Amino acid sequence: MSLCPECGTELDEHADVCMACGAARVDVQVSASAYELAIDNLTDQLIAGAFAMTSKRGQEEMSSIVSDMETVNWNTIAIETMLFFNHIIERYAEGLFGQAVRVQIMDSLELPLVGKFAKAGSVRDENMDAFHKMYVHNLGQRCAEYTNYEPGNVIDDEITLGADGTVLSDKERTEKFASIFISEDDISEANSGDTDGFEAQLLWQFGRRIAELLGEPDSAKVITYVYRYIIAFLFLTLNPVKELNNLRNLLESNDAV
């Protein structure tokens, strides 16, 4: 599938021009396909990350700290994780490029992300529209909640550096993000109600939400595992600055920005 770089309309495979705006197909195919591939790659990574905690590997570790595994709705956990990923990617895009480019990239991500995620979660075709509406509604709620929390100096610093054109190396990112891994003693202290001293309250809130969904809202061990999992995947495996810079460059090559 190819998209028109001028208006984003899907192009018929036999058409020489976009039927919506008239842009020539010859100007579209190579770079639009590259952009689509980049979108596909990012959505695949996010979906894999969202379901990683529901995989056999994740369940083996979780089973030792969750009292009743039969009560856990793993698809719900995956959805919450995906909503969090979506929010963070959007926050990076806004900080790196501003609102206009953020809207373009997030609009491009929405349909393939929701579609692939629904299929990974075995949502039936007849329920796709309802699932899409539910996802968008929940995303709006989560973003409103998460916006109330600061994601931590390490994340803010990476966005600031990225906006100035600096992309940290994998080693530099690992060293910086490792500083917000916290101990079980820290988690236990935070359970007393004082989280003001933590660098990453956004991640903390996500961990608490997942712990509630797992039926263990007061479990320091559950929150610790989720917290470290989300950091390890989103910030040590996926590089949002690198991924989003690639998407923006592909947009610019199409004169779409």
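Please refer to the structure placed before this passage.
In this report, the structure presented in the accompanying data block is examined. (Residues numbered from 1 in each chain as written. Predicted model: local features only at pLDDT ≥ 70, side-chain atom pairs only at ≥ 80, totals over all residues. Heavy atoms only, no water.)

So, the pattern of salt bridges
- Enumeration according to the criterion identifies nine salt bridges in this entry.
- Ionic pairing is found between glutamate 145 and arginine 142, a salt bridge with its closest N-O pair at 3.9 Å. Residue glutamate 145 and its partner arginine 142 are both found in helix H5 (residues 128-146); the two are separated by three residues, about one turn of the helix.
- Taking the shortest distance from any N to any O, the salt bridge between glutamate 145 and arginine 209 comes out at 2.2 Å. With glutamate 145 in helix H5 and arginine 209 in helix H9 (residues 201-213), the pair connects residues that are 64 residues apart, well separated along the chain. (Salt bridge = Lys/Arg side-chain N within 4 Å of Asp/Glu carboxyl O. Helix = DSSP H or I, 4+ residues; strand = E, 2+ residues; numbered from the N terminus.)

A look at unusual backbone geometry
- In this structure, serine 122 takes a positive phi of about 65 degrees despite not being glycine.
- With respect to the element layout, serine 122 can be found in the loop between helix H4 (99-120) and H5.

Points about the packing of aromatic side chains
- With the rule as written, the count across this model stands at seven aromatic pairs.
- Taken together, a centroid distance of 4.5 Å and an interplanar angle of 35 degrees make the contact between phenylalanine 84 and phenylalanine 206 tilted. Taken as a pair, phenylalanine 84 in helix H3 (residues 74-97) and phenylalanine 206 in helix H9 lie far apart in primary sequence, 122 residues in all. In this pair, the class of phenylalanine 84 matches that of phenylalanine 206, namely buried. (Phe/Tyr/Trp six-rings, centres within 6.5 Å; stacked < 30°, edge-to-face > 60°. Buried < 20%, exposed > 50% of the residue type's maximum accessible area, 1.4 Å probe, protein only.)

Remarks on the layout of surface pockets
- In this structure, the second largest pocket encloses a volume near 180 Å³.
- The wall of the second largest pocket is formed by 13 residues, among which Asn86, Glu90, Met106, Glu110 and Leu139 lie closest to the centre.
- Looking at the lining of the second largest pocket element by element, the count peaks at eight residues for H4.
- Residue classes in the lining of the second largest pocket are distributed as eight nonpolar, one polar and four charged. (1 Å grid on protein atoms, 1.4 Å probe; cavity = no way out; pocket = protein on both sides within 12 Å on 5 of 7 lines; lining within 4 Å. Points joined across faces, edges and corners; volume = space filled by probe spheres on them. Nonpolar A, V, L, I, M, F, W, Y, C, P; charged D, E, K, R; others polar.)

Quick notes on the side chain of glutamate 243
- Relative to the assigned elements, glutamate 243 resides in helix H11 (residues 240-253).
- Lysine 242 provides the closest opposite charge to the buried, unpaired glutamate 243, separated from it by 7.8 Å.
- Here the side chain of glutamate 243 touches glutamine 45 through a polar contact of 2.8 Å, side chain to side chain. (Lys, Arg positive; Asp, Glu negative; His and termini not counted. Polar contact = N/O pair within 3.5 Å; in protein donor to acceptor, adjacent residues only side chain to side chain.)

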